[in-house]
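Observations on the three-dimensional arrangement
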Amino acid sequence: MKKSIALILLGFTWVLGFAPFNLWLIPPISLCGFFYIIVKTTQTEDFCYSKKRSLLDGWLYGLGLFFGGVHWIYISIAEFGKGGPIAGVLVTIIFVMFLALYPAIFSLIVSRLLANKTKDNKCNHLAIIFILPALWVLFEWLRGWLFTGFPWLLLGNAYIDTPLRSIAAIAGVHGISLIVALISTLTVSLIISRTAIKSLLVLVVITMLAIALFFAGQVNWTQNSGDPLKVAVIQGNISQDIKWNPDFRQYTLDKYRDLSQPQFEKNDLIVWPETAIPDFLHYVDDYMLDLQKQVEITNTAVVTGVPVYDHYSKRYYNSMISIDKEKVGYYAKRHLVIFGEYIPFRKMFGDSLDFLGAALADFTPGENLQKPLKTKAHKAAASVCFEIVFASEVARELGDADYLINISNDAWFEGSIAPYQHVQIARMRAAETNRPLVRATNTGISALIDADGSIIKQSPQFAEYVLTGTIQPRSGDTPYVRWRNTPVLILMVALLIIGLLVSRIGRKENG
């Protein structure tokens, strides 16, 4: 019982490494404790017990980790999805239990790969050093695309405010995760073995990492592109309770227009959040025409979120519109939130699952590789809300864009830690692509983010706010943009193969 409680608590502390807490030393300590427990479990002589216990250990650790980190989905379902407290609790529990399967299966595989078969009942510590970090990060990667993907609370995201962020442009968030997981594993191996050789190995590896980080931070992978861009982000602070209420439609439209009016001419670009316009585009033609006239007069571009209905295909899109003096651009959200923006197998479920968030309409995903949005002399790679968490997709869609725009409505998670985590993840995308990022949200946190992932300016939450500042667009490809996750995946597979070979040799020598 004590062991089970310890595992849940170890997992629960994981979230302390992320925004808004930012105690980045906690995740490797948490991982170190988890690794230590599962390695000790594999040393038992009862292989059958080892398998079952390892599976349970991983699942308990996952329960703590994901309950601590994503409990906020309760708010979107119980309060704004209109599911009520019972549905909110049930869905949250099911979701957390499902996510906990990732560390559970990770732990089970570790128990099989490292199961003791030697005469002296000693674990092969060299195999541990190769297998554990590679397998952990491999499961993080899998979680990012299986079943449409949920790459939240990735280990590397906790290090956006540390020197490790210089690795992002080379190996992405998974590269940072691999380094931190390796340090945790080396620590576990040192604790268990306590030999001078292991101490020397730890020292050598950490020294090599420090040198690599130093040189990585000195490289300029991209260069300035054109003149700086003066930006105004309009945060309307429209409560989710009234956002789609027809009685407040005109109130919302007037608010965004009035907040934006003083920002024309003074800025090159004005950005509104996701679905800032609370109606389908074809119902606000006059409003958009007036906005376009304002753009033509002042030469200030506008980007806004607005849902779009295609009369020909009879499909709905969660969209972003850019209005420039020369042309109007369009982007349709590609990576939709399952159950939140569409219900799979709609004919089977009918309206029964609409309380999860998809009651407005089942959106259709936009096409891959859409053109960047043109805003004056610059081009923006667009993403809507949750899309910003998918590193490889953002890199793939970058094209010749020289900055990023992400619009969101985090009012769905009002009062929780989710908006803080969301902007932290967005910052990692800026560091990976080496592009500045303009982030506009309904209730916060809106932000202007520099090309290295640091925050230039950000807004307070739950406030009507106009965030103004300047970003410097950049051009050129970072290694991560060029190769995305491929090098790290190859490295992880190589480490696993080496670990298995080392483990097999060790068993032969001791068996």
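Residues numbered from 1 in each chain as written. Predicted model: local features only at pLDDT ≥ 70, side-chain atom pairs only at ≥ 80, totals over all residues. Heavy atoms only, no water.

1. Quick word on the overall build of the protein chain
- From N to C terminus, the protein chain includes 16 helices and 14 strands.
- Scaling as 2.2 N^0.38, a compact globule of 511 residues should have a C-alpha radius of gyration of about 24 Å, and the protein chain matches this with 24 Å.
- Seen through its C-alpha atoms, the protein chain measures out along the principal axes to roughly 80 × 50 × 40 Å.
- Long-range pairs, those at least 24 residues apart, make up 72% of the contacts in the protein chain between residues at least 6 apart in sequence.
- Positive and negative charge centroids in the protein chain, built from 46 and 41 side chains respectively, lie 11 Å apart. (Helix = DSSP H or I, 4+ residues; strand = E, 2+ residues; numbered from the N terminus. Rg over C-alpha atoms; globule rule 2.2 N^0.38 Å. Contact = heavy atoms within 4.5 Å. Lys, Arg positive; Asp, Glu negative; His and termini not counted. Charge placed at Lys NZ, Arg CZ, Asp CG, Glu CD.)

2. Regarding the pattern of salt bridges
- Taken as a whole and judged by the stated rule, the model has 18 salt bridges.
- Measuring nitrogen to oxygen at the nearest pair gives 2.4 Å for the salt bridge that ties Arg427 to Asp161. Note that Arg427 is positioned in helix H14 (residues 418–433) and Asp161 in the loop between helix H7 (125–143) and helix H8 (168–193), a separation of 266 residues in sequence.
- Across the pair Glu397 and Arg334 runs a salt bridge, and its minimum N-O distance is 3.8 Å. In this pair, Glu397 sits in helix H13 (residues 391–397) while Arg334 sits in the loop between strand S6 (328–332) and helix H12 (346–349), placing the two residues 63 residues apart along the sequence.
- Where salt bridges share partners, they join Arg334, Glu387, Glu393, Arg396 and Glu397 into one cluster. (Salt bridge = Lys/Arg side-chain N within 4 Å of Asp/Glu carboxyl O.)

3. Side note on the nonpolar core
- By size, the foremost hydrophobic cluster in this structure holds 117 residues, and its most contacted members are Trp136 and Ile405.
- A total of 12 residues in this core trace back to one element, the largest contributor, which is H7.
- Leaving out residues up to four positions away in the same chain, Ile405 has contacts with Leu269, Val271, Val303, Met320, Ala380, Ala381, Ala382, Ser383, Leu437 and Val438.
- Membership of the second largest hydrophobic core comes to 20 residues, among which are Leu253, Ala276, Ile321 and Ile323. (Core = buried A, V, L, I, M, F, W, Y, C linked by side-chain atoms within 4.5 Å. Buried < 20%, exposed > 50% of the residue type's maximum accessible area, 1.4 Å probe, protein only.)

4. Quick word on helix H5 (residues 84–99)
- The end-to-end C-alpha distance of H5 is 22 Å, a good match for the 22 Å that 16 residues give at a rise of 1.5 Å each.
- Gly84, Ala87, Gly88, Thr92, Val96 and Leu99 are the residues of H5 that are buried. Buried positions in H5, seen along its axis, are confined to an arc of 155 degrees and lie on one side of it. Exposed positions of H5 whose direction lies more than 90 degrees from the buried face are Ile86 and Ile94. (Expected span 1.5 Å × (residues − 1). Arc of directions from axis to C-beta.)

5. Describing the sheet that holds strand S8 (residues 378–384)
- The sheet built from 6 strands is open, its strands ordered S7-S8-S9-S10-S11-S12 with mixed pairing. Every other strand in the sheet has two partners, leaving strand S7 (373–375) and strand S12 (455–458) as the edge strands with one partner each. Here the average twist between neighbouring strands, direction ignored, is 20 degrees.
- Sheet analysis places strand S9 (residues 403–408) next to strand S10 (residues 437–441), joined by 5 bridges and oriented parallel. Paired with Asn406 across the strands is Arg439, a residue of S10. (Pairing = 2+ DSSP bridges. Axes fitted to C-alpha atoms, helices over the stretch in contact; angles between N-to-C directions.)

6. Some points on unusual backbone geometry
- A cis amide bond, omega 5 degrees, links Ala19 with the succeeding residue Pro20.
- Mapping Pro20 onto the fold places it in the loop between helix H1 (2–13) and helix H2 (26–42).
- Residue Ile445 follows Gly444 across a cis peptide bond; omega there is 15 degrees.
- Relative to the assigned elements, Ile445 resides in the loop between S10 and strand S11 (447–449).
- In the Ramachandran plot, Phe462 falls in the positive-phi region, its phi being about 55 degrees despite a non-glycine side chain.
- Mapped onto the elements, Phe462 comes out in the loop between S12 and strand S13 (465–471).

7. Some details on empty space enclosed by the protein
- If you walk through the whole model with that rule in mind, you get 4 cavities of 30 Å³ or more.
- Taken together, Trp14, Leu65, Phe66, Tyr102, Pro103, Phe106, Trp136, Phe139, Glu140, Arg143 and Leu153 make up the lining of the largest cavity.
- Going through the elements one at a time, helix H3 (47–70), helix H6 (101–113) and H7 are the ones with two or more residues in the lining of the largest cavity.
- When residues of the lining of the largest cavity are assigned to their parent elements, the largest contribution, 4 residues, is made by H7. (1 Å grid on protein atoms, 1.4 Å probe; cavity = no way out; pocket = protein on both sides within 12 Å on 5 of 7 lines; lining within 4 Å. Points joined across faces, edges and corners; volume = space filled by probe spheres on them.)

8. So, H7
- Over its 19 residues, H7 runs 27 Å from end to end, which matches the ideal 27 Å to within 8%, given 1.5 Å per residue.
- For H7, the buried fraction is high: 16 of the 19 residues fall into the buried class.

9. A short note on the side chain of Thr298
- Inspection of the secondary structure assignment puts Thr298 in helix H11 (residues 285–298).
- When its relative accessible area of 14% is taken as the criterion, Thr298 is described as buried.
- The contact partners of Thr298, leaving out residues within four places of it in the chain, are Phe264 and Glu265.

10. Structural notes on the environment of Gln458
- As for its position among the elements, Gln458 is in strand S12.
- Judged by its relative accessible area of 39%, Gln458 falls in the partly exposed class.
- Distance in space between the C-alpha atoms of Gln458 and Asp402 is 21 Å, their sequence separation being 56 residues.
- Residues contacting Gln458, with those up to four places away along its chain left out, are Ile445, Ser446, Ala447 and Leu467.

11. Let's talk about the sheet that holds strand S3 (residues 269–271)
- Within the open sheet, the 6 strands sit side by side as S6-S5-S4-S3-S2-S13. Their pairing is mixed. Pairing within the sheet leaves two strands with one partner each, and these edge strands are S6 and S13. Taken over all neighbouring pairs, the strand axes of this sheet differ in orientation by 30 degrees on average, direction set aside.
- Where strand S2 (residues 229–235) meets S13, 7 bridges bridge the pair, whose relative direction is antiparallel. In the sheet register, Leu229 faces S13, and the bridge partner there is Ile471.
- This element, H11, spans strand S4 (301–310), strand S5 (315–323) and S6 of the sheet and lies at about 25 degrees to S5.

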